[in-house]
Amino acid sequence: MSILKVEDIYSGYGETEILHGVSVEVAPREIATIIGPNGSGKSTLMKTIFGLLTPTKGRVTLEAEEITGLRPDRIVRKGMCYVPQSDNVFPSLTVLENLEMGAFIRDDDYSDSLEEVFARFPLLEERKSQRGGSLSGGEQQMLAMGKALMLNPKVLLLDEPSAGLAPKMVGEILQKIAEIKESGVAILMVEQNAKEGLKLSDRGYVLAMGKKRFEDEGQALLNNPDVGRLYLGD
Amino acid sequence: MEVFQHVPQLIVYGLISGSIITLGAIGLSLTYGILNFANFAHGDVMALGAFLALVFLGLAQSLGVPAGPFGALSFGLPMVIALVCAMGLTAIAAILIDRILYKRFREASAMVLVISSVGVAFVLRNIIQFIWSPLPSYYFEKIQISKPFLGIRIKPDEIFIIIFTVAAVYLLHIFLTRTKMGKAMRATSDNAELAKVTGIDTERVVLWTWGIGAALAASGGVMAGIEGKFITPELGWQLLLYIFAAVILGGIGSPYGALLGGTVIGLSTEVSTAFINTAYKPAVAFVIMVIMLLFRPTGLIRRK
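Note that this is a predicted model, so its numbers are computed, not measured.

S.K.: So what about the overall build of chain A? Which residues, and what values?
M.R.: Across its full length, chain A holds 10 helices and 10 strands. Against the 2.2 N^0.38 benchmark of 17 Å for 234 residues, chain A shows a C-alpha radius of gyration of 17 Å, consistent with a compact globule. Structurally, chain A occupies a C-alpha span of about 45 × 35 × 35 Å along its principal axes. Within the span of chain A, comprising 234 residues, buried residues form 47% of the whole. Within chain A, residue pairs in contact and separated by at least 24 positions form 66% of the contacts whose partners lie at least 6 positions apart.

Right, here's the structure in full:
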């Protein structure tokens, strides 16, 4: 039983159709990773799931409720958060203010969520009065994830969380993602560090030219010689 | 040199006109930062505020609100009531204009919004002219005598204007840094798409932005009336260049930047009159604006 189900999505920008019928799903407490070459439609898929683009066909279901075409601020209220690939923190706001904005829709006391985020990313607590824009790439990525976690989401969408990071940071971010999953959050991510991403994934998808080419358990995809030859550079 | 003997007095004039420019610049800077377009109707919103205050002033007086002036100031309670009501009503007017017009163009290019704001500017100015005539209207008849202080003449009303402006800037800063809506405004100004994705109701942020910007613009129009004693429908349009120069100088989106930009523009245009013809005041503001755009387009106060 999946918590997020994306069925036969056709979507794109204006007249340009980029996704030609893509289906993916994520079960509770699992990580599903989408890999694929540049321009295969990975980010377009994320944006369509989150209501930033409206699909021409297909449906998105979150916990058995259809959310196709809902506005992002409505989807957030349903318990799904999205961390964009870049520009994912407010640069002129402090780290603490960024996290407060993450909790914008909450009217209750969110101090325990704040403590959890600080416990998960101790660095953010140290830097809480610094401006978001002054953080390094990896720190910004942690802040962006922390900001999403302020809502205790059921599903987290991560668009290339390790893009542009130093190799040491890549491992650390992926480790944090695995921990977040352990705490009970379902994660759908797009990852260009395909091998590292698939290694910690329960489920993997290969997207190319706007279509799904392969789908399997993460480890199985890694061992698939066709996937390795075509998409993992083996 | 003889030309310098007037400089201290011109500095005082510069601080006063700088205050009025600042009150306009804050609102322009906020809407620029959040809606991403240069609102050419902002000056006329100031004029609207000034004329609405005229209506409330008359209303307060005819309702028998005690008109006695406060201390050395040339106005009393009716003017304060008029100021507050004009700020509120101008805010509502700006929100209505947004609902009727600008909201339709939320996804359109900035140029569409700029052009429609030029249209709004004409409509507002002509409505004001139609209702109140193009001739000057007076807040009060009595002329206040300047009190010389260390050889510099300054009126109590003018001290009030400067204090009002500094207080407005301070309160806005507190609002932007301490309240949830204020922080959401800064977040939306940083990155509107991310704000939406984060769950921030950006439409509500837009309403607050128009409301606060217009209320401050109205207060600037009223201050211009208190300072000049009379108001005309052209009041805001004439200030617009100075306001744009102040916003560009101070950096978009920062109230302290607007204060700094407004003060520098006020000071430099006034002080320039000691050396060059008064007619060149707009040219001075324009030159400062162009120099800033060439060398430091992000403004004096860096935001990011």
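The structure having been displayed, the exposition proceeds.
S.K.: Describe the overall build of chain B, with residues and values.
M.R.: Looking only at helices and strands, one finds 11 helices and 4 strands in chain B. The C-alpha radius of gyration of chain B comes to 19 Å, within 12% of the 19 Å expected for a compact globule of 304 residues. Across its three principal axes, chain B shows a C-alpha extent of roughly 55 × 55 × 35 Å. Put simply, chain B has 304 residues, and 50% of those count as buried. Long-range pairs, those at least 24 residues apart, make up 77% of the contacts in chain B with a sequence separation of at least 6.

S.K.: With reference to specific residues and values, describe the sheet that holds strand β8 (residues 186-190) of chain A.
M.R.: The strands making up a sheet are joined through hydrogen bonds of the backbone, oriented either antiparallel or parallel. Residues and elements named next belong to chain A. Taken in spatial order, the 6 strands of this open sheet run β6-β7-β8-β3-β9-β10, and their pairing is mixed. Edge positions in the sheet fall to β6 (80-83) and β10 (211-216), since each of these pairs with one other strand and no more. Looking at each pair of strands side by side, their axes are set apart by 15 degrees on average, direction ignored. The pairing of β6 with strand β7 (residues 155-159) spans 4 bridges and is classified as parallel. In the strand pairing of β7, Val-83 is matched with Leu-158. Relative to β7, helix α1 (residues 42-49) is tilted by about 145 degrees, and along the sheet it contacts β3 (31-35), β6, β7, β8 and β9 (203-208). This element, helix α7 (residues 167-182), spans β3, β7 and β8 of the sheet and lies at about 150 degrees to β8.

S.K.: Which residues make up the packing of helix α10 (residues 255-272) of chain B against helix α11 (residues 281-295) of chain B, and what are the values?
M.R.: Residue and element names in this part refer to chain B. At a minimum axis distance of 9 Å, the contact between α10 and α11 shows a crossing angle of 135 degrees. Comparing their axes, α11 and α10 come out oblique. Viewed along their axes, α10 and α11 form a crossing whose handedness is right-handed. Contact residues: Ile-265, Ser-268, Thr-269 and Ser-272 in α10; Lys-281, Val-284, Ala-285 and Ile-288 in α11. In terms of residue class, the contact of α10 with α11 is made up of 4 nonpolar, 3 polar and 1 charged.

S.K.: Tell me about the interface of chain B and chain A, and name the residues and values.
M.R.: Of the residues lining the interface, 15 residues belong to chain B; the matching set on chain A comes to 21 residues. When contributions to the side of chain B that touches chain A are tallied by element, the ones reaching two or more residues are α6 (180-190) and α7 (192-198) of chain B. Looking at which element gives the most residues to the side of chain B that touches chain A, the answer is α6(B), with 5 residues. By residue class, the composition of the side of chain B that touches chain A is 5 nonpolar, 3 polar and 7 charged.

S.K.: Give me the lowdown on helix α9 (residues 235-250) of chain B, citing residues and values where you can.
M.R.: An α-helical turn contains 3.6 residues, so any two residues separated by three or four positions project in the same direction. All names here are of chain B. Compared with an ideal rise of 1.5 Å per residue, which puts 16 residues at 22 Å, α9 spans 22 Å between its outermost C-alpha atoms and is within 8% of the ideal. Along α9, the sharpest change in direction is near 35 degrees and occurs at Leu-241. With respect to burial, α9 is a largely interior element, 14 of its 16 residues being buried. Gly-251 lies just past α9 and shows a positive phi near 95 degrees.

S.K.: Describe the packing of helix α1 (residues 7-35) of chain B against helix α8 (residues 202-228) of chain B, with residues and values.
M.R.: Residue and element names in this part refer to chain B. Running from N to C, α1 and α8 point in directions that differ by 165 degrees, and their axes come no closer than 9 Å. Put simply, α1 runs roughly antiparallel to α8. In terms of crossing hand, the pair formed by α1 and α8 is left-handed. A per-class count over the contact of α1 with α8 returns 16 nonpolar, 8 polar and 1 charged.

S.K.: With reference to specific residues and values, describe unusual backbone geometry.
M.R.: Notably, A:Asn152 is not glycine yet its phi reads approximately 45 degrees, a positive angle. Tracing the backbone shows A:Asn152 in the loop between α6 (137-149) and β7. Among the residues examined, A:Asn152 registers 17 C-beta atoms within 10 Å and is labelled partly exposed. Of note in the backbone geometry, B:Ser133 takes a positive phi value of approximately 70 degrees without being a glycine. If you trace the backbone, B:Ser133 turns up in the loop between α4 (110-132) and β1 (137-138).

S.K.: Pulling in residues and values, what's your account of the environment of B:Leu207?
M.R.: By the element assignment, B:Leu207 lies in helix α8. The spacing of B:Leu207 and B:Pro233 is 26 residues in sequence and 26 Å in space, taken between C-alpha atoms.

S.K.: So what's going on with the pairing of β7(A)? Which residues, and what values?
M.R.: Regular strands have side chains that alternate between both faces of the sheet. All names here are of chain A. Counting buried positions over the 5 residues of β7 gives 5, a clear majority of the element. Alternating residues of β7 divide into Val-155, Leu-157 and Asp-159 and Leu-156 and Leu-158, and every residue in both groups is buried. As judged from the 5 bridges shared by β7 and β8, these two strands associate in the parallel manner. The residue bridging Val-155 from the neighbouring strand is Ala-186, located in β8. Following the backbone out of β7, through α7 and into the adjacent parallel β8, one traces a crossover that is right-handed.

S.K.: Would you mind going over the environment of A:Ile9 in detail, with residue names and values included?
M.R.: Residue and element names in this part refer to chain A. Mapping Ile-9 onto the fold places it in strand β1 (residues 4-13). It is 4.9 Å that separates the C-alpha atoms of Ile-9 and Val-22, two residues lying 13 residues apart in sequence. Those residues in contact with Ile-9 that lie beyond four places of it in its chain are Leu-19, Gly-21, Val-22, Leu-45, Thr-48, Pro-55 and Gly-58.

S.K.: Give me the pairing of β1(A): which residues, what numbers.
M.R.: Residue and element names in this part refer to chain A. In this structure, β1 lies alongside strand β2 (residues 16-26), joined through 8 bridges in antiparallel fashion. Along β2, the bridge assignment pairs Leu-4 with Val-26. The antiparallel pairing of β1 with β2 creates a hairpin that spans 2 residues between the two strands, and Gly-14 there sits at a positive phi of about 60 degrees. Pairing geometry for β1 and strand β4 (residues 57-62), over 5 bridges, is antiparallel. Residue pairing across strands places Glu-7 opposite Arg-59, the latter belonging to β4.

Rules used throughout
- Position numbers for residues count from 1 along each chain, tracking the sequence in the order it is written.
- Lettering of chains starts at A and numbering of ligands starts at 1, both following the order in which they are written.
- Two thresholds apply to this predicted model, a pLDDT of at least 70 for residue-level local features and 80 or more for giving and counting side-chain atom pairs, whereas whole-chain, interface and lining totals are computed over all residues.
- Going along the chain from the N terminus, every DSSP run of H or I of four or more residues is numbered as a helix, and every run of E of two or more is numbered as a strand.
- Only C-alpha atoms enter the radius of gyration, while the globule expectation follows 2.2 Å times N to the 0.38, with N the number of residues.
- With C-beta atoms placed from the backbone, a residue counts as buried when 20 or more other C-beta atoms lie within 10 Å of its own, as exposed when 12 or fewer do, and as partly exposed for counts between those limits.
- Two residues qualify as being in contact provided that their C-beta atoms, derived from the backbone, are within 7 Å of each other.
- When DSSP finds two or more bridges between a pair of strands, those strands are recorded as paired.
- Axes, fitted as lines to C-alpha atoms, cover a helix only where it is in contact. Angles between the N-to-C directions of the axes lie from 0 to 180 degrees.
- Angles below 35 degrees are treated as roughly parallel, those above 145 as roughly antiparallel, those between 65 and 115 as roughly perpendicular, and all remaining angles as oblique.
- Helix crossings get a hand from a simple test, with the near helix turned counterclockwise from the far one by less than a right angle marking a left-handed crossing and a clockwise turn marking a right-handed one.
- All residues other than Ala, Val, Leu, Ile, Met, Phe, Trp, Tyr, Cys, Pro, Asp, Glu, Lys and Arg, Gly among them, are scored as polar; the first ten of these are nonpolar and the last four charged.
- To estimate how far a helix should extend, the number of its residues minus one is multiplied by 1.5 Å.
- We define the bend at each residue as the angle formed by axes fitted to the 7 residues ending at it and the 7 residues starting at it.
- Here is how to tell: hold the view so the strands point away, follow the path from the first strand over the helix to the second, and if it runs clockwise the crossover is right-handed.

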